[in-house]
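Each chain, letter by letter, is given below.
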Amino acid sequence: MFRKRMGMIAAAAATGAMLLTACGGADGGTDNGAAGDSAPAAAAPAANAAGTGDLAFLSGSAKKNNAPANTGDWANQPGKPAVAPVAKKWVQLSASKAGNLNPVVVNGAGFTLYRFDKDTADPSKSNCNDACAVTWPPVVVDPRGKIFIDGVKKSDVGVVKRDDGTLQVTLGGWPVYRFSKDLKPGDTNGQGVGGTWFGVTPDGQKAGGQAAGGGQTGGGATAPATSAVLFDDKNFADNGSQGLSGQGCQNVARDNIASSLQAGGSLKIWSEANCTGQSKIINGDVADLSTIGFDNTVSSVFFG
(Lines give C-alpha, C1' and ligand atoms only; values in the text may rest on other atoms or scores of the structure.)
Protein backbone atom coordinates (compact mmCIF):
# COMPACT_ATOMS: atom_id res chain seq x y z
CA MET A 1 0.00 0.00 0.00
CA PHE A 2 2.83 2.38 0.90
CA ARG A 3 4.62 1.70 -2.40
CA LYS A 4 1.41 2.29 -4.35
CA ARG A 5 0.82 5.67 -2.60
CA MET A 6 4.42 6.77 -3.31
CA GLY A 7 4.03 5.80 -6.96
CA MET A 8 0.90 7.97 -7.28
CA ILE A 9 2.73 10.96 -5.71
CA ALA A 10 5.68 10.59 -8.11
CA ALA A 11 3.35 10.44 -11.13
CA ALA A 12 1.54 13.62 -10.00
CA ALA A 13 4.88 15.42 -9.53
CA ALA A 14 6.00 14.45 -13.04
CA THR A 15 2.72 15.69 -14.55
CA GLY A 16 3.06 19.03 -12.75
CA ALA A 17 6.61 19.46 -14.03
CA MET A 18 5.46 18.85 -17.60
CA LEU A 19 2.69 21.47 -17.28
CA LEU A 20 5.10 24.00 -15.80
CA THR A 21 7.51 23.48 -18.69
CA ALA A 22 4.72 23.98 -21.25
CA CYS A 23 3.62 27.24 -19.63
CA GLY A 24 7.18 28.57 -19.57
CA GLY A 25 7.60 27.93 -23.30
CA ALA A 26 4.70 30.23 -24.19
CA ASP A 27 6.80 33.31 -23.45
CA GLY A 28 9.52 32.54 -25.98
CA GLY A 29 8.08 34.76 -28.74
CA THR A 30 7.20 37.87 -26.76
CA ASP A 31 6.84 40.98 -28.97
CA ASN A 32 9.44 43.54 -27.94
CA GLY A 33 7.62 46.39 -29.71
CA ALA A 34 9.68 49.40 -30.80
CA ALA A 35 13.30 48.55 -30.18
CA GLY A 36 16.34 50.79 -29.87
CA ASP A 37 20.03 50.03 -29.39
CA SER A 38 19.47 48.25 -26.13
CA ALA A 39 21.19 45.09 -24.95
CA PRO A 40 21.02 42.27 -27.52
CA ALA A 41 17.97 40.08 -27.16
CA ALA A 42 17.82 36.34 -27.56
CA ALA A 43 16.70 35.22 -31.00
CA ALA A 44 13.03 34.23 -31.23
CA PRO A 45 11.58 32.09 -34.03
CA ALA A 46 9.53 34.09 -36.52
CA ALA A 47 5.99 32.91 -37.18
CA ASN A 48 5.04 33.76 -40.78
CA ALA A 49 3.20 32.49 -43.83
CA ALA A 50 6.38 31.16 -45.45
CA GLY A 51 6.84 28.69 -42.57
CA THR A 52 10.44 29.68 -41.82
CA GLY A 53 10.63 28.51 -38.24
CA ASP A 54 14.40 29.04 -38.16
CA LEU A 55 14.21 32.75 -39.08
CA ALA A 56 14.97 34.85 -35.99
CA PHE A 57 14.21 38.38 -34.80
CA LEU A 58 16.70 40.24 -32.62
CA SER A 59 15.99 43.51 -30.87
CA GLY A 60 18.29 46.43 -31.68
CA SER A 61 20.71 47.16 -34.51
CA ALA A 62 23.10 44.79 -36.25
CA LYS A 63 26.03 46.71 -34.75
CA LYS A 64 24.67 46.35 -31.24
CA ASN A 65 24.25 42.63 -31.87
CA ASN A 66 27.87 42.33 -33.10
CA ALA A 67 27.03 41.28 -36.67
CA PRO A 68 30.23 40.46 -38.64
CA ALA A 69 31.65 43.14 -40.95
CA ASN A 70 30.94 42.97 -44.71
CA THR A 71 27.88 40.79 -44.19
CA GLY A 72 24.14 41.31 -44.50
CA ASP A 73 23.07 44.87 -45.32
CA TRP A 74 26.68 46.03 -44.94
CA ALA A 75 27.67 44.09 -48.06
CA ASN A 76 26.20 46.88 -50.25
CA GLN A 77 28.84 49.60 -50.06
CA PRO A 78 27.77 53.29 -50.25
CA GLY A 79 28.44 54.82 -53.66
CA LYS A 80 27.69 51.60 -55.50
CA PRO A 81 24.23 50.76 -56.86
CA ALA A 82 22.21 48.00 -55.29
CA VAL A 83 21.89 44.90 -57.43
CA ALA A 84 19.56 41.91 -57.42
CA PRO A 85 20.79 40.36 -54.16
CA VAL A 86 21.46 36.88 -52.94
CA ALA A 87 19.74 35.90 -49.72
CA LYS A 88 21.42 37.61 -46.78
CA LYS A 89 22.29 36.02 -43.46
CA TRP A 90 20.81 39.10 -41.82
CA VAL A 91 18.92 42.30 -42.60
CA GLN A 92 18.14 45.31 -40.43
CA LEU A 93 14.93 47.32 -40.30
CA SER A 94 15.33 50.67 -38.55
CA ALA A 95 12.78 53.46 -38.13
CA SER A 96 14.59 56.60 -39.22
CA LYS A 97 14.50 59.80 -41.30
CA ALA A 98 15.75 60.09 -44.89
CA GLY A 99 15.52 63.28 -46.91
CA ASN A 100 12.05 64.68 -46.30
CA LEU A 101 10.63 61.32 -45.26
CA ASN A 102 10.02 60.93 -41.53
CA PRO A 103 9.46 58.27 -40.45
CA VAL A 104 10.79 55.86 -43.04
CA VAL A 105 12.51 52.49 -42.68
CA VAL A 106 16.17 52.16 -43.63
CA ASN A 107 18.44 49.12 -43.72
CA GLY A 108 21.59 48.48 -41.72
CA ALA A 109 23.69 50.64 -44.05
CA GLY A 110 21.20 53.53 -43.85
CA PHE A 111 19.63 53.06 -47.29
CA THR A 112 15.95 53.88 -47.75
CA LEU A 113 13.52 50.97 -48.18
CA TYR A 114 10.47 51.17 -50.44
CA ARG A 115 7.10 49.55 -51.16
CA PHE A 116 5.35 49.05 -54.52
CA ASP A 117 1.67 49.87 -55.10
CA LYS A 118 1.30 47.00 -57.60
CA ASP A 119 2.18 44.48 -54.88
CA THR A 120 -0.43 43.27 -52.39
CA ALA A 121 -0.29 43.12 -48.60
CA ASP A 122 -3.18 40.75 -47.84
CA PRO A 123 -2.08 38.28 -48.93
CA SER A 124 1.53 39.40 -49.26
CA LYS A 125 2.66 39.15 -52.88
CA SER A 126 5.53 40.71 -54.84
CA ASN A 127 4.83 41.62 -58.46
CA CYS A 128 8.31 43.03 -59.12
CA ASN A 129 10.43 40.42 -60.91
CA ASP A 130 13.07 40.14 -63.65
CA ALA A 131 14.16 43.62 -64.85
CA CYS A 132 12.04 45.30 -62.17
CA ALA A 133 13.92 43.41 -59.46
CA VAL A 134 17.24 44.69 -60.86
CA THR A 135 16.12 48.33 -60.63
CA TRP A 136 14.35 47.64 -57.32
CA PRO A 137 16.29 44.85 -55.55
CA PRO A 138 14.01 43.06 -53.09
CA VAL A 139 15.15 42.83 -49.47
CA VAL A 140 15.60 39.08 -49.07
CA VAL A 141 16.81 36.99 -46.16
CA ASP A 142 18.13 33.47 -45.77
CA PRO A 143 15.56 31.05 -44.26
CA ARG A 144 17.88 30.59 -41.28
CA GLY A 145 18.89 34.25 -41.15
CA LYS A 146 18.22 37.07 -38.70
CA ILE A 147 16.15 40.25 -38.88
CA PHE A 148 17.33 43.03 -36.56
CA ILE A 149 14.40 45.27 -35.60
CA ASP A 150 15.25 48.77 -34.42
CA GLY A 151 12.22 50.96 -33.75
CA VAL A 152 9.98 48.56 -35.69
CA LYS A 153 7.38 46.26 -34.10
CA LYS A 154 7.99 42.57 -34.59
CA SER A 155 4.28 42.09 -35.23
CA ASP A 156 4.57 44.26 -38.37
CA VAL A 157 7.45 42.24 -39.86
CA GLY A 158 7.17 39.08 -41.93
CA VAL A 159 8.42 37.40 -45.08
CA VAL A 160 6.83 36.20 -48.31
CA LYS A 161 8.12 33.65 -50.80
CA ARG A 162 8.97 35.24 -54.15
CA ASP A 163 8.46 33.61 -57.54
CA ASP A 164 12.16 32.60 -57.55
CA GLY A 165 11.79 30.87 -54.17
CA THR A 166 13.69 33.45 -52.08
CA LEU A 167 12.17 35.00 -48.96
CA GLN A 168 11.40 38.72 -49.14
CA VAL A 169 10.98 40.81 -46.00
CA THR A 170 7.58 42.50 -45.53
CA LEU A 171 6.31 45.39 -43.40
CA GLY A 172 2.61 45.47 -42.68
CA GLY A 173 2.36 42.73 -45.29
CA TRP A 174 4.01 44.87 -48.02
CA PRO A 175 7.19 43.46 -49.62
CA VAL A 176 10.11 45.90 -49.27
CA TYR A 177 12.87 46.91 -51.70
CA ARG A 178 16.00 49.00 -52.24
CA PHE A 179 16.31 51.43 -55.18
CA SER A 180 19.33 51.00 -57.43
CA LYS A 181 19.67 54.78 -57.97
CA ASP A 182 20.05 55.52 -54.25
CA LEU A 183 23.85 55.69 -54.04
CA LYS A 184 24.37 56.93 -50.50
CA PRO A 185 22.61 56.55 -47.16
CA GLY A 186 19.70 58.96 -46.86
CA ASP A 187 18.98 59.15 -50.61
CA THR A 188 15.25 59.04 -51.47
CA ASN A 189 15.48 59.07 -55.28
CA GLY A 190 12.87 56.32 -55.47
CA GLN A 191 10.14 58.33 -53.72
CA GLY A 192 7.11 58.65 -56.00
CA VAL A 193 8.70 57.01 -59.04
CA GLY A 194 6.01 55.97 -61.50
CA GLY A 195 3.40 57.08 -58.99
CA THR A 196 3.72 53.59 -57.49
CA TRP A 197 6.95 53.53 -55.44
CA PHE A 198 7.16 55.09 -51.99
CA GLY A 199 9.36 54.93 -48.94
CA VAL A 200 7.87 52.53 -46.40
CA THR A 201 6.98 53.44 -42.82
CA PRO A 202 7.59 51.10 -39.86
CA ASP A 203 4.02 49.76 -40.13
CA GLY A 204 4.06 49.35 -43.92
CA GLN A 205 2.35 52.60 -44.94
CA LYS A 206 3.57 55.08 -47.56
CA ALA A 207 6.14 57.51 -46.21
CA GLY A 208 5.47 61.12 -47.16
CA GLY A 209 1.93 60.49 -48.42
CA GLN A 210 0.76 59.47 -51.88
CA ALA A 211 2.32 61.25 -54.84
CA ALA A 212 0.09 60.59 -57.83
CA GLY A 213 -3.43 61.89 -58.21
CA GLY A 214 -6.06 62.53 -60.84
CA GLY A 215 -6.02 66.31 -60.95
CA GLN A 216 -6.37 68.61 -63.94
CA THR A 217 -3.98 71.24 -65.23
CA GLY A 218 -5.03 74.85 -65.08
CA GLY A 219 -7.47 76.35 -62.61
CA GLY A 220 -9.46 74.76 -59.82
CA ALA A 221 -8.79 74.49 -56.10
CA THR A 222 -6.51 71.58 -55.22
CA ALA A 223 -4.64 70.77 -52.02
CA PRO A 224 -0.88 71.44 -52.25
CA ALA A 225 1.21 68.51 -53.40
CA THR A 226 4.09 67.27 -51.24
CA SER A 227 5.69 65.11 -53.93
CA ALA A 228 5.80 64.68 -57.71
CA VAL A 229 7.20 62.36 -60.37
CA LEU A 230 8.78 63.75 -63.54
CA PHE A 231 8.90 61.40 -66.54
CA ASP A 232 11.41 61.73 -69.38
CA ASP A 233 8.68 60.89 -71.94
CA LYS A 234 5.07 61.91 -72.52
CA ASN A 235 2.08 60.07 -71.07
CA PHE A 236 3.99 58.92 -67.97
CA ALA A 237 5.99 56.32 -69.93
CA ASP A 238 8.52 54.98 -67.43
CA ASN A 239 11.53 55.01 -69.74
CA GLY A 240 13.20 57.25 -67.19
CA SER A 241 11.73 59.16 -64.28
CA GLN A 242 12.67 60.95 -61.08
CA GLY A 243 10.81 61.75 -57.89
CA LEU A 244 10.77 64.93 -55.81
CA SER A 245 9.25 65.51 -52.40
CA GLY A 246 9.38 67.95 -49.52
CA GLN A 247 8.40 71.51 -48.72
CA GLY A 248 9.40 74.68 -50.54
CA CYS A 249 11.70 74.81 -53.55
CA GLN A 250 13.25 71.53 -54.75
CA ASN A 251 15.75 71.41 -57.62
CA VAL A 252 15.40 68.62 -60.19
CA ALA A 253 18.39 66.25 -60.25
CA ARG A 254 18.21 65.84 -64.05
CA ASP A 255 16.79 69.13 -65.25
CA ASN A 256 15.33 70.13 -68.64
CA ILE A 257 14.37 66.55 -69.50
CA ALA A 258 10.80 65.97 -68.22
CA SER A 259 7.93 65.61 -70.72
CA SER A 260 5.15 64.58 -68.31
CA LEU A 261 4.46 64.96 -64.61
CA GLN A 262 2.34 63.31 -61.93
CA ALA A 263 1.39 65.06 -58.70
CA GLY A 264 -1.25 64.55 -56.03
CA GLY A 265 -2.15 68.23 -55.80
CA SER A 266 -1.10 71.72 -56.84
CA LEU A 267 2.50 72.86 -57.28
CA LYS A 268 4.56 75.36 -59.25
CA ILE A 269 7.16 74.36 -61.82
CA TRP A 270 10.05 76.63 -62.82
CA SER A 271 12.31 76.81 -65.87
CA GLU A 272 15.47 77.52 -63.83
CA ALA A 273 17.05 76.13 -60.66
CA ASN A 274 16.15 77.54 -57.23
CA CYS A 275 12.63 78.41 -58.43
CA THR A 276 13.65 81.17 -60.81
CA GLY A 277 12.87 81.96 -64.46
CA GLN A 278 9.49 81.20 -66.02
CA SER A 279 6.89 79.41 -63.92
CA LYS A 280 3.52 77.70 -64.18
CA ILE A 281 1.06 76.56 -61.50
CA ILE A 282 -0.44 73.13 -62.18
CA ASN A 283 -3.02 71.00 -60.39
CA GLY A 284 -2.33 67.30 -60.62
CA ASP A 285 -1.13 65.25 -63.60
CA VAL A 286 0.15 66.67 -66.88
CA ALA A 287 0.48 63.99 -69.56
CA ASP A 288 2.24 66.30 -72.02
CA LEU A 289 4.19 69.26 -70.67
CA SER A 290 4.50 70.74 -74.18
CA THR A 291 0.81 71.70 -73.93
CA ILE A 292 1.75 74.26 -71.27
CA GLY A 293 5.08 75.25 -72.80
CA PHE A 294 7.26 73.26 -70.39
CA ASP A 295 8.49 70.24 -72.37
CA ASN A 296 12.16 69.56 -71.44
CA THR A 297 12.10 72.78 -69.41
CA VAL A 298 11.45 71.91 -65.73
CA SER A 299 14.46 72.69 -63.52
CA SER A 300 12.83 73.14 -60.11
CA VAL A 301 9.51 72.63 -58.34
CA PHE A 302 7.91 74.51 -55.47
CA PHE A 303 5.73 72.53 -53.02
CA GLY A 304 3.33 74.17 -50.56
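Since this is a predicted model, take the numbers as computed values, not measurements. Each residue is numbered by its place in its chain's sequence as written, counting from 1. Restriction of local features to residues with pLDDT of at least 70 applies here, the model being predicted, together with a cutoff of 80 or more for giving and counting side-chain atom pairs; totals for whole chains, interfaces and linings are based on all residues. Side-chain measures here rest on the full set of heavy atoms in the structure, leaving out hydrogens and waters.

> Honestly, the sheet that holds strand 15 (residues 248-251) in this entry has me stumped. Any pointers?
Sheets are built from strands paired through backbone hydrogen bonds, the pairs being either parallel or antiparallel. If you trace the 4 strands from one edge of the open sheet to the other, you get 15-19-17-18, paired in antiparallel fashion. Only two strands of the sheet have a single neighbouring strand rather than two, namely strand 15 and strand 18 (276-283). Neighbour to neighbour, the strand axes of the sheet diverge by 25° on average, direction disregarded. Here a strand pair is declared whenever DSSP counts at least two bridges between the two strands. Each helix is a run of H or I in the DSSP string that is no shorter than four residues. Each strand is a run of E no shorter than two, and both are numbered from the N terminus. Judged from the 3 bridges that link them, strand 17 (residues 266-272) and strand 19 (residues 300-303) form a sheet pairing that is antiparallel. Bridging across to strand 19, Ile-269 finds its partner in Val-301. To define axes, lines are fitted to C-alpha atoms, for helices over the stretch in contact only, and angles between the resulting N-to-C directions are given on a 0 to 180 degree scale.

> How do you make sense of the state of the cysteines when you look at a structure like this?
Note that a disulfide, as used here, is simply two cysteine sulfur atoms within 2.5 Å. The full count for this structure, using the stated rule, is 2 disulfides. Between the sulfur atoms of Cys-128 and its disulfide partner Cys-132 the distance amounts to 1.9 Å. Classification of the bridge connecting Cys-128 and Cys-132 rests on its S-S torsion, roughly -110°, and on that basis the disulfide is left-handed. Note on classification: 1.4 Å probe, protein chains only; a residue is buried when its accessible area is under 20% of the maximum for its type, exposed when over 50%, partly exposed between these limits. Judged by its relative accessible area of 22%, Cys-132 is partly exposed. In this model, Cys-249 is linked to Cys-275 through a disulfide, with the two sulfur atoms separated by 2.2 Å. With the S-S bond torsion at 110°, the cross-link from Cys-249 to Cys-275 turns out right-handed. Linking Cys-249 in strand 15 with Cys-275 in the loop between strand 17 and strand 18, this pair joins segments that are 26 residues apart in sequence. Numbered by position along the chain, the disulfide-linked cysteines of the protein connect as 1-2, 3-4.

> Any chance you could explain the environment of Gly-194 here in plain terms?
Along the chain, Gly-194 falls in the loop between strand 11 (174-175) and strand 12 (197-199). For Gly-194, a relative accessible area of 22% gives the class partly exposed. With 68 residues separating them in the primary sequence, Gly-194 and Gln-262 have C-alpha atoms 8.2 Å apart. With sequence-adjacent residues up to four places away left out, Gly-194 is seen in contact with Val-229, Phe-231, Ser-241 and Gln-262. We call two residues in contact when some of their heavy atoms are within 4.5 Å.

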